[in-house]
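# Architecture and fold: a report
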There are 2 protein chains.
Amino acid sequence: MSINPNTPKGTRDYSSEVLLKRNYLKKILQKAFESFAFEPLETTSFEKLSTLTGKYGDEGDRLIFKILNSGEKLKKADLNSFKENDLKKFSFSISEKALRYDLTVPLARYVAGNQNDLIFPFRRYQMQNVWRADRPQHGRFQEFCQCDADIVGVKSLLQEIEMISLFDHIFNDVNLKGVTVKINHRKIIEGIVNLTENKNKLVDYTVAIDKLEKVGIEGVEKELISKGFRESDIDKIKNIIKLEGSPEIILDELEDALKDSNKGLEGINELRYIFSKLNCFEFKSINIKIDLTLARGLNYYTGTIVEVMGPENVKMGSIGGGGRYDDLTNSFGLKNMSGIGVSFGFDRLYLVLDELDLFPININLNTEVLFVNLGNESVEIALNKINKLRLKGVISEIYPSNIKLSKQLNYANKKKIPFVVIIGDEEIKNKKITLKNMSTGEQAQILLSQLEKSIIY
Amino acid sequence: MSINPNTPKGTRDYSSEVLLKRNYLKKILQKAFESFAFEPLETTSFEKLSTLTGKYGDEGDRLIFKILNSGEKLKKADLNSFKENDLKKFSFSISEKALRYDLTVPLARYVAGNQNDLIFPFRRYQMQNVWRADRPQHGRFQEFCQCDADIVGVKSLLQEIEMISLFDHIFNDVNLKGVTVKINHRKIIEGIVNLTENKNKLVDYTVAIDKLEKVGIEGVEKELISKGFRESDIDKIKNIIKLEGSPEIILDELEDALKDSNKGLEGINELRYIFSKLNCFEFKSINIKIDLTLARGLNYYTGTIVEVMGPENVKMGSIGGGGRYDDLTNSFGLKNMSGIGVSFGFDRLYLVLDELDLFPININLNTEVLFVNLGNESVEIALNKINKLRLKGVISEIYPSNIKLSKQLNYANKKKIPFVVIIGDEEIKNKKITLKNMSTGEQAQILLSQLEKSIIY
């Protein structure tokens with residue numbers, strides 16, 4: 001019985017054609033990150049389970065891929081938990097490691113573990129796969145690539161401004177216009193919650209409002225009520241989050257509404273500062289707008305939060321996001337390490353560029369020269385020559401077996417190889433080779449030493 | 001309580017300094033693979049468990065990292081197997097996916113699954129991490145990078161020759177001399193086993209002889225005897241595998257010894273052909289020698305096998321290997337797909353180059369310009385200018401907060417930033433900036449527009 005050659009659901013192989021485009025995009029991101037003085041970092045694919053658990057909320061914890069203990073360690077399986085249907089406890093008894101869920105927690109673990117060797121503010125970028133046991137759908141995979149840039153160890157709001165400018169830089173580099181950067185502030189959200197009778201329910205509120213796009217405002221209301229918010233509170237909230245207009249207008253009205261919340265006013269002032277400095281740039285690809293419904297699910301954010309939406313004519317949802325966190329390294333024993341990070345949804349960005357046909361056409365990687373195989377002596381000359389071509393980076397191959405010439409030429413055609421070198425008896429006698437241009441069909445006998453010059457096209 | 005910020009054993013983070021060297025090496029491999037007309041491929045990090053199981057021998061199966069089923073699927077845990085101490089069956093009841101163990105089986109799965117879209121012979125390279133639950137030691141990790149090149153769908157021995165030439169090409173590119181490529185042939189091994197009373201024990205023999213370096217010849221003898229080989233058989237074997245000398249001498253003597261084994265003679269003839277063609281090259285980095293003790297543990301090899309040893313002055317063991325396989329895609333329902341592959345042990349090659357100091361010194365990635373932060377107006381001018389520098393790829397940053405100038409300059413020194421731009425009140429008044437060369441200490445007021453020209457160094 002043969003095994004079905006499928007990949008697990010929600011995962012994909014990348015063929016050459018796709019990879020070349022992915023590598024093009026990665027290179028642009030990499031170059032942008034580096035010009036912003038972020039240094040590269042790669043962390044381990046799996047982490048200790050204890051490193052990851054409890055960082056992403058209950059929902060996140062469920063989506064972490066755990067690695068099964070191997071060998072004798074499996075004997076520690078806690079069957080009682082299993083029988084009591086405590087699958088979480090059961091899984092912890094047979095798993096100590098888990099696959100990376102994002103790049104932010106590994107960064108925090110790295111910073112805490114290397115605090116004595118790093119120069120702060122520490123600016124790093126990271127482009128690696130992450131894994132989530134999420135239900136696969138369009139633009140959502142179980143294995144996908146994240147590209148993050150973070151600045152750790154400094155509170156200055158200049159970093160927020162840099163990050164927004166990084167978005168514009170990168171989207172401009174890939175020619176993507178009409179991107180919207182939505183911005184909000186966790187302290188403003190706190191200020192809004194403080195207007196209600198439920199001052200301690202900040203997390204309940206952010207979890208609920210974070211689902212706005214999925215479940216609509218009615219869904220959010222329902223969840224808030226189930227968490228103990230009153231109708232009158234919800235009305236107050238709705239009146240505020242519907243504020244629209246220019247950043248200045250929204251911030252003015254918000255200042256009035258949140259005048260009794262110090263937290264809220266702090267958030268407002270920070271956004272004011274950020275907007276005042278954004279005028280130093282002439283953004284080409286992004287529009288920035290305040291969205292008071294933006295919450296971002298992750299618990300670690302404490303300041304400015306952003307989410308990036310692709311152009312309106314492409315249905316993709318968020319293609320990036322980020323925010324400031326004040327206590328990320330705290331759980332690893334390192335206090336007072338404020339930082340800010342942004343993340344590019346690489347796979348979604350790829351899909352957007354692909355849909356809009358924004359990948360350049362000249363990034364393919366094709367064999368440039370095929371030496372056909374006409375037997376022993378022909379091959380020996382070819383081997384010697386091909387070695388020299390390859391050393392110069394000319395992509396070249398020898399047809400592996402001495403089959404009919406027409407079949408070998410057919411292979412060259414299928415692979416769209418532009419030049420074919422023929423070394424037959426006549427060529428060997430004349431100490432020449434025949435070079436055939438596959439697109440024009442022209443061919444000519446030339447000296448072997450002229451080959452290189454002749455294929456520069 | 002804070003969490004210990006360690007990575008799991010046998011895994012490593014890669015800091016910027018290490019990554020830049022790793023990326024240098026990856027780029028060389030990539031360029032070489034591409035000049036040999038291999039196209040890139042990336043496969044999924046995890047595969048269905050059924051895809052991987054049974055491909056690597058019992059030992060390999062044990063070293064595969066399994067992923068724990070999540071959610072409700074965990075309820076299918078087979079407690080009976082657990083109680084009967086059948087941990088293998090138990091683990092299969094709670095795991096359906098596993099991490100990639102090598103790049104060869106995923107390739108076979110990919111080729112079988114995409115057989116209608118691929119052009120054969122299919123030449124692909126792949127540089128990705130693999131994971132093995134192996135005991136960590138020097139040069140052996142649980143997560144490491146493999147770099148493979150394979151040609152699938154053709155039997156021609158020219159491929160063997162190409163692969164050997166690829167080794168030389170790459171080691172030459174990284175300036176690594178004194179590499180030994182050991183070569184043997186599975187059919188010769190079969191011929192040797194056929195001389196004994198244990199003609200059906202080819203796998204037992206290869207598994208035993210594969211451990212020669214670890215356990216010595218006595219250890220191998222012991223294992224062979226435990227598998228039913230007689231003393232007299234072992235003497236016969238020892239007399240053959242100790243053959244030494246030039247390839248021609250070894251092959252001549254071997255031909256005599258294996259004259260009754262058709263398989264053995266086939267293997268000998270193939271090696272003869274390969275050596276005859278290797279004369280077309282002038283290898284600069286590798287020496288090729290026949291090693292009749294070479295077996296390579298993996299079961300899928302059927303023809304030529306090679307193993308690459310680093311220079312003798314570096315203790316590292318194998319830094320690469322490969323071989324021909326005839327039936328790799330068979331288990332995925334695709335028959336008669338002979339192929340050949342080579343694999344570079346990326347992490348070991350890295351360690352060898354590092355130990356021999358063969359990484360170029362000019363691959364660091366450093367901030368080129370730091371704008372110091374002297375408050376509001378200074379920052380606004382800096383933000384505007386830095387954006388333009390970054391667009392041109394100049395690595396630049398602004399100091400995040402307006403602290404004492406000496407501290408900011410200290411940061412530049414620690415990060416070895418060559419140029420610092422100072423925009424203070426005087427500079428703003430004069431509509432100039434001060435550019436300070438940090439290595440000479442020289443500084444001068446220049447026009448903002450002259451900045452770029454002035455930092456080209």
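So, here is what we can say about the structure in this document. Computed from a predicted model, the values in this text were never measured in an experiment.

### Some details on the interface of chain B and chain A
The interface of chain B with chain A comprises 103 residues on the first partner and 104 residues on the second. Taking both partners together, chain B and chain A bury about 9,300 Å²; carbon and sulfur atoms supply 64% of that area. Here chain B is connected to chain A by six salt bridges. The salt bridge partner of Arg109(B) is Asp13(A), with a shortest N-O separation of 2.6 Å. In this assembly, chain B and chain A are joined by 28 residue pairs in polar contact (both at pLDDT 80 or more). With eight residues, helix H15 (residues 376-391) of chain B is the largest single contributor of residues to the side of chain B that touches chain A. Its residues assigned to classes, the side of chain B that touches chain A comprises 45 nonpolar, 35 polar and 23 charged.

### Focus: the sheet that holds strand S5 (residues 122-131) of chain B
Residue and element names in this part refer to chain B. Taken in spatial order, the eight strands of this open sheet run S1-S5-S6-S11-S10-S9-S7-S8, and their pairing is mixed. Of all strands in the sheet, those with a lone pairing partner are strand S1 (39-40) and strand S8 (286-290), marking the two edges. Summarising the sheet, strand S10 (residues 318-325) and strand S11 (residues 339-345) pair through six bridges and their orientation is antiparallel. Each bridged residue has a counterpart across the sheet, and for glycine 321 the counterpart in S11 is serine 343.

### Description of the packing of helix H1 (residues 16-35) of chain B against helix H14 (residues 346-355) of chain B
Residue and element names in this part refer to chain B. Their axes nearest at 11 Å, the elements H1 and H14 cross at an angle of 115 degrees. With respect to their mutual orientation, H1 and H14 come out roughly perpendicular. Crossing of H1 against H14: the hand is right-handed. Contact with H1, carried on its side by Val18, Lys21, Arg22, Leu25, Lys26 and Leu29, involves Phe346, Asp347, Leu349, Tyr350, Leu353 and Asp354 of H14 and no other residues of that element. Split into classes, the residues belonging to the contact of H1 with H14 amount to seven nonpolar, no polar and five charged.

### Brief notes about the side chain of Lys277(A)
Note that Lys277(A) resides in helix H13 (residues 262-278). Residue Lys277(A) is classed as buried on the basis of its relative accessible area of 2%. Once residues within four sequence positions are removed from consideration, Lys277(A) is found in contact with Ile161(A), Asn376(B), Val379(B), Glu380(B) and Leu383(B).

### Points about the relation of the copies chain B and chain A
Overlaying chain B with chain A gives an RMSD of 0.0 Å, the required rotation being 180 degrees about an axis along which the chain moves by 0.0 Å. Here the two chains are linked by the operation of a two-fold rotation axis. Relative to the rotation axis, the closest C-alpha in chain B is found at Ile67(B), a distance of 2.2 Å. Comparing interface residues between copies, 100% of those in chain B also sit at the interface in chain A, which points to an isologous, same-surface contact.

### Considerations on helix H8 (residues 186-194) of chain B
A large share of H8(B) lies buried, amounting to seven of its nine residues. Where H8(B) is concerned, the buried positions are Arg186(B), Lys187(B), Ile188(B), Ile189(B), Gly191(B), Ile192(B) and Val193(B).

### Some points on the packing of aromatic side chains
Applying the stated criterion across every chain, the model contains 33 aromatic pairs over all chains. Relative to Phe38(B), the ring of Phe33(B) has its centre 6.4 Å away and its plane inclined at 85 degrees; by these criteria the two rings are edge-to-face. The residues Phe33(B) and Phe38(B) share a single accessibility class, namely buried. Pairwise contacts between aromatic rings join Phe33(A), Phe38(A), Tyr125(A), Phe167(A), Phe171(A) and Phe344(A) into one cluster. The ring of Phe141(A) has Arg12(A) sitting right over it, with the charged end atom 3.3 Å from the ring centre. Against the face of Phe38(A) rests Arg123(A), its NZ or CZ located 4.8 Å from the ring centre.

Here is what the cut-offs are and how they apply
- Residues numbered from 1 in each chain as written.
- Chains lettered and ligands numbered in written order.
- Predicted model: local features only at pLDDT ≥ 70, side-chain atom pairs only at ≥ 80, totals over all residues.
- Heavy atoms only, no water.
- Contact = heavy atoms within 4.5 Å.
- Buried area = accessible area lost by both parts, 1.4 Å probe.
- Salt bridge = Lys/Arg side-chain N within 4 Å of Asp/Glu carboxyl O.
- Polar contact = N/O pair within 3.5 Å; in protein donor to acceptor, adjacent residues only side chain to side chain.
- Helix = DSSP H or I, 4+ residues; strand = E, 2+ residues; numbered from the N terminus.
- Nonpolar A, V, L, I, M, F, W, Y, C, P; charged D, E, K, R; others polar.
- Pairing = 2+ DSSP bridges.
- Axes fitted to C-alpha atoms, helices over the stretch in contact; angles between N-to-C directions.
- Parallel < 35°, antiparallel > 145°, perpendicular 65-115°, else oblique.
- Left-handed = near helix turned anticlockwise from the far one by under 90°.
- Buried < 20%, exposed > 50% of the residue type's maximum accessible area, 1.4 Å probe, protein only.
- Least-squares fit on C-alpha atoms with pLDDT ≥ 70 in both.
- Phe/Tyr/Trp six-rings, centres within 6.5 Å; stacked < 30°, edge-to-face > 60°.
- Lys NZ or Arg CZ within 6 Å of the ring centre and 35° of its normal.

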